[in-house]
Amino acid sequence: MKVLISDPLCPKGVKILEVEGDLLVEQRCGLTQEDLLGIIDGYDALIVRSGTQVTRELIEKGSRLKAIGRAGTGVDNVDIEAASERGIVVMNAPFGNTITTAEHTLSLLLSLAREIPQAYASLREGRWERKKFMGVELGGKILGIVGLGRIGKEIARRARGLAMEVLAADPYISLQDTEVQGLKLVELDELYAKADFITVHVPLGEKTWHLISEEAFAKMKPGVRIINCARGGIVDEQALYQAIKSGQVAGAALDVFEKEPPDKDNPLFSLENIVSTPHLGASTKEAQENVAVEIAHQVVQFLKKGIVVNAVNAPSLSYETLTVLSPYLELAEKLGKLIGQLTEGVPISSLSVSYAGVIPKTHSRPLTLSVVQALLAVREKRPVN
Ligand code: NAD
Ligand code: MLT
């Protein structure tokens, strides 16, 4: 089986695919979309970081594709719907770069508060401007975290070490889930009204596109500082420009942009109180090794044993559960295929699967899904995930 890696991936990951997976691996970075479209049908799996745009067109051309692996967290560069329609499993490696990204966010927070990049640039240009660079203290200030997932939680823990008060807004979690001492979970509007620094850590999607908008800036405390180390587009860049110009926002630190790389004449770069890095959130040796190893193992497990780990569009099972369920999954698939063949051309309005015997109730869902998947695949005459 052949795997294409179209973005830079740490060599340790490549080795796992070749040695442990016995897969034929081709690493071809910097291909144009046209080049990719021309070659994708020769591969069983595609591994990307954020550079490759895995569009519907690319997925549809990948006639052999079974898996798309994202060496990192965000899957906004992959058309998940198109992959699901074709029965292609999309997996990410969501744990490997959490600490690194939290640390980068804190670096941006400190740089923003003390204007370190600006002061360094001024010094390098031969100036000694001690009065110009008057920072703000972090101790006792309120940090607002929008999105309390893996990265948000790590930031919350570390911000407490800087003696900051931490508020977080995340409609999808409860306080018990937070596991972070001394953190207050609040509604977004309360966070906007109280926070001195706001950092966003939500995924980019339809609901979070321009979450931090003109309307949101208007609800914030005057002089607030904004950090975006998640995804370009979560903060509305035009609205941010206006909010900084008007003084409502005192400054912003951005690792990510609506268009990457951003245009040289992006108006934000004309402002003095912007600190920025070129999407370096996950760029440490440790994180890059972690995500490469994580995704390589997952792709090997899937292509060789059918084990799905960290899939964003398919149910995942633990290895232990899979070992117990494996023969039953096979039976379920065969039953699904059989019903599919027996009912060819006959409309089906419902299907019921009954269980008896040793399989615990909690494990029946993957089996039911397996029946449905095989049944639909036979009837549709194409892969279904
Ligand atoms: P995660 O899935 O663990 O956490 C995301 C959290 O956002 C979840 O708790 C979810 O409930 C919450 N959320 C979703 N919609 C929300 C909304 N409308 N309001 C408030 N909360 C909302 O993800 P993570 O691993 O913490 O990563 C977060 C983001 O960081 C992702 O966008 C990822 O792509 C990005 N990231 C960037 C870099 C980088 O290089 N800059 C590196 C790693 C991750
Ligand atoms: C991620 O979502 O993991 C980051 O954007 C890091 C990256 O792949 O560059």
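Refer to the structure printed above.
In short, a report on the structure. (Residues numbered from 1 in each chain as written. Chains lettered and ligands numbered in written order. Predicted model: local features only at pLDDT ≥ 70, side-chain atom pairs only at ≥ 80, totals over all residues. Heavy atoms only, no water.)

### A word on the sheet that holds strand 11 (residues 249–254)
Neighbouring strands of a sheet are bound in pairs by backbone hydrogen bonds; such pairs are parallel or else antiparallel.
So, point 1. Across the sheet, seven strands lie side by side as 8-7-6-9-10-11-12; this open sheet has parallel pairing. The open sheet terminates on both sides in strands that have one partner only, identified here as strand 8 (183–185) and strand 12 (274–276). Going from strand to strand, the sheet's axes swing by 20° on average, the running direction of each strand aside.
So, point 2. As paired strands, strand 10 (residues 224–228) and strand 11 are joined by five bridges and run parallel to one another. Residue R225 lies in a different strand from strand 11, and its bridge partner there is G251.
So, point 3. Across the face of the sheet, helix 5 (residues 98–114) comes into contact with strand 6 (142–146), strand 9 (197–200), strand 10, strand 11 and strand 12 while running at roughly 150° to strand 10.
So, point 4. Lying over the sheet, helix 7 (residues 150–161) contacts strand 6, strand 7 (165–169) and strand 8, oriented at roughly 170° with respect to strand 6. (Pairing = 2+ DSSP bridges. Helix = DSSP H or I, 4+ residues; strand = E, 2+ residues; numbered from the N terminus. Axes fitted to C-alpha atoms, helices over the stretch in contact; angles between N-to-C directions. Contact = heavy atoms within 4.5 Å.)

### Description of the pairing of strand 9
So, point 1. The alternating pattern of strand 9 places F197 and T199 on one face and I198 and V200 on the opposite face, and all of these are buried.
So, point 2. By the bridge criterion, four bridges tie strand 6 to strand 9 in an arrangement that is parallel. Each residue of the ladder has a partner; that of L143, found in strand 9, is F197.
So, point 3. Sheet topology note: the strand 9/strand 10 ladder contains four bridges and is parallel. (Buried < 20%, exposed > 50% of the residue type's maximum accessible area, 1.4 Å probe, protein only.)

### Structural notes on the nonpolar core
So, point 1. Ranked by size, the top nonpolar core spans 32 residues in total, and within it L191, I198, F217, M220, I226, L240 and V249 carry the most contacts.
So, point 2. Beyond its immediate stretch of four places on either side in the chain, V249 contacts F217, V224, I226, L240, A243 and I244.
So, point 3. Formed by 27 residues, the second largest nonpolar core is a distinct cluster that contains A292, A296, V299 and A314. (Core = buried A, V, L, I, M, F, W, Y, C linked by side-chain atoms within 4.5 Å.)

### Remarks on the site of ligand 2
So, point 1. With respect to spatial proximity, the complete set of residues near ligand 2 consists of R49, S50, R70, A71, G72, T73, G74, N97, R231, H279 and A282.
So, point 2. Between ligand 2 and N97 there is a distance of 2.9 Å, counted from an oxygen atom to a side-chain nitrogen or oxygen.
So, point 3. Here an oxygen atom of ligand 2 and a side-chain polar atom of R231 are 2.8 Å apart.
So, point 4. For ligand 2, whose free accessible area comes to 260 Å², the fraction covered by protein is 91%.
So, point 5. Its residues assigned to classes, the shell around ligand 2 comprises two nonpolar, six polar and three charged. (Near = heavy atom within 4 Å. Polar contact = N/O pair within 3.5 Å; in protein donor to acceptor, adjacent residues only side chain to side chain. Areas by Shrake-Rupley, 256 points an atom, 1.4 Å probe, with all protein chains shown as cover. Nonpolar A, V, L, I, M, F, W, Y, C, P; charged D, E, K, R; others polar.)

### So, the side chain of H201
So, point 1. Position of H201 relative to the elements: it lies in the loop between strand 9 and helix 10 (214–219).
So, point 2. The buried category is assigned to H201, whose relative accessible area is 11%.
So, point 3. Only 2.7 Å separates the side chain of H201 from the side chain of T199, close enough to count as a polar contact.
So, point 4. Ignoring sequence-local partners within four residues, the contact set of H201 consists of T105, I145, V146, G147, I151, G152, I155, C229 and A230.

### Points about the packing of aromatic side chains
So, point 1. Under the criterion given, the structure shown has one aromatic pair.
So, point 2. Judged by centre distance (5.7 Å) and plane angle (55°), the rings of F257 and F269 are tilted. Of this pair, F257 sits in the loop between strand 11 and strand 12 while F269 is found in the loop between strand 11 and strand 12, placing the two residues 12 residues apart along the sequence.
So, point 3. Look at F269 and you get partly exposed, because its relative accessible area is 35%. (Phe/Tyr/Trp six-rings, centres within 6.5 Å; stacked < 30°, edge-to-face > 60°.)

### Comments concerning the side chain of T208
So, point 1. Mapped onto the elements, T208 comes out in the loop between strand 9 and helix 10.
So, point 2. T208 gets classed as buried once you look at its relative accessible area, which sits at 14%.
So, point 3. At 2.8 Å, the side chain of T208 and the backbone nitrogen of G205 are in polar contact.
So, point 4. Apart from the residues within four sequence positions on either side, T208 is in contact with V202, P203, G233 and I234.

### Focus: the sheet that holds strand 1 (residues 2–5)
So, point 1. Taken in spatial order, the five strands of this open sheet run 2-1-3-4-5, and their pairing is parallel. Edge positions in the sheet fall to strand 2 (24–27) and strand 5 (89–92), since each has one partner strand and no second. Each neighbouring strand pair of the sheet contributes to a mean axis angle of 15°, computed without reference to strand direction.
So, point 2. Bridging between strand 4 (residues 67–70) and strand 5 involves four bridges; their strand directions are parallel. Within strand 5, the position partnered with A67 by the bridge is V89.

### Considerations on the environment of T362
So, point 1. Within the secondary structure, T362 is located in the loop between helix 13 (319–342) and helix 14 (364–380).
So, point 2. Through-space distance from the C-alpha of T362 to that of P315 is 13 Å; in sequence the pair is 47 residues apart.

### As for the pattern of salt bridges
So, point 1. By the definition in use, this model includes 21 salt bridges.
So, point 2. Its salt-bridge partner being R157, residue E154 comes within 3.0 Å of it at the nearest N-O pair. Of this pair, E154 and R157 both sit in helix 7, three residues apart, which is roughly one turn of that helix.
So, point 3. The buried category is assigned to E154, whose relative accessible area is 16%.
So, point 4. Residue classification places R157 among the partly exposed residues on the basis of a relative accessible area of 33%.
So, point 5. Connected through salt bridges with shared partners, the residues K2, E26 and R28 form a single ionic network. (Salt bridge = Lys/Arg side-chain N within 4 Å of Asp/Glu carboxyl O.)

### Points about the site of ligand 1
So, point 1. Around ligand 1, the structure places 25 residues, and the nearest of them are R150, I151, D170, C229 and D255.
So, point 2. In the environment of ligand 1, an oxygen atom lies 3.4 Å from a nitrogen or oxygen atom belonging to the backbone of G149.
So, point 3. In the environment of ligand 1, a nitrogen atom lies 3.0 Å from a nitrogen or oxygen atom belonging to the side chain of D255.
So, point 4. Burial of ligand 1 by the protein chains amounts to 87% of its free accessible area of 870 Å².
So, point 5. Per-class residue counts for the shell around ligand 1 are 11 nonpolar, 10 polar and four charged.

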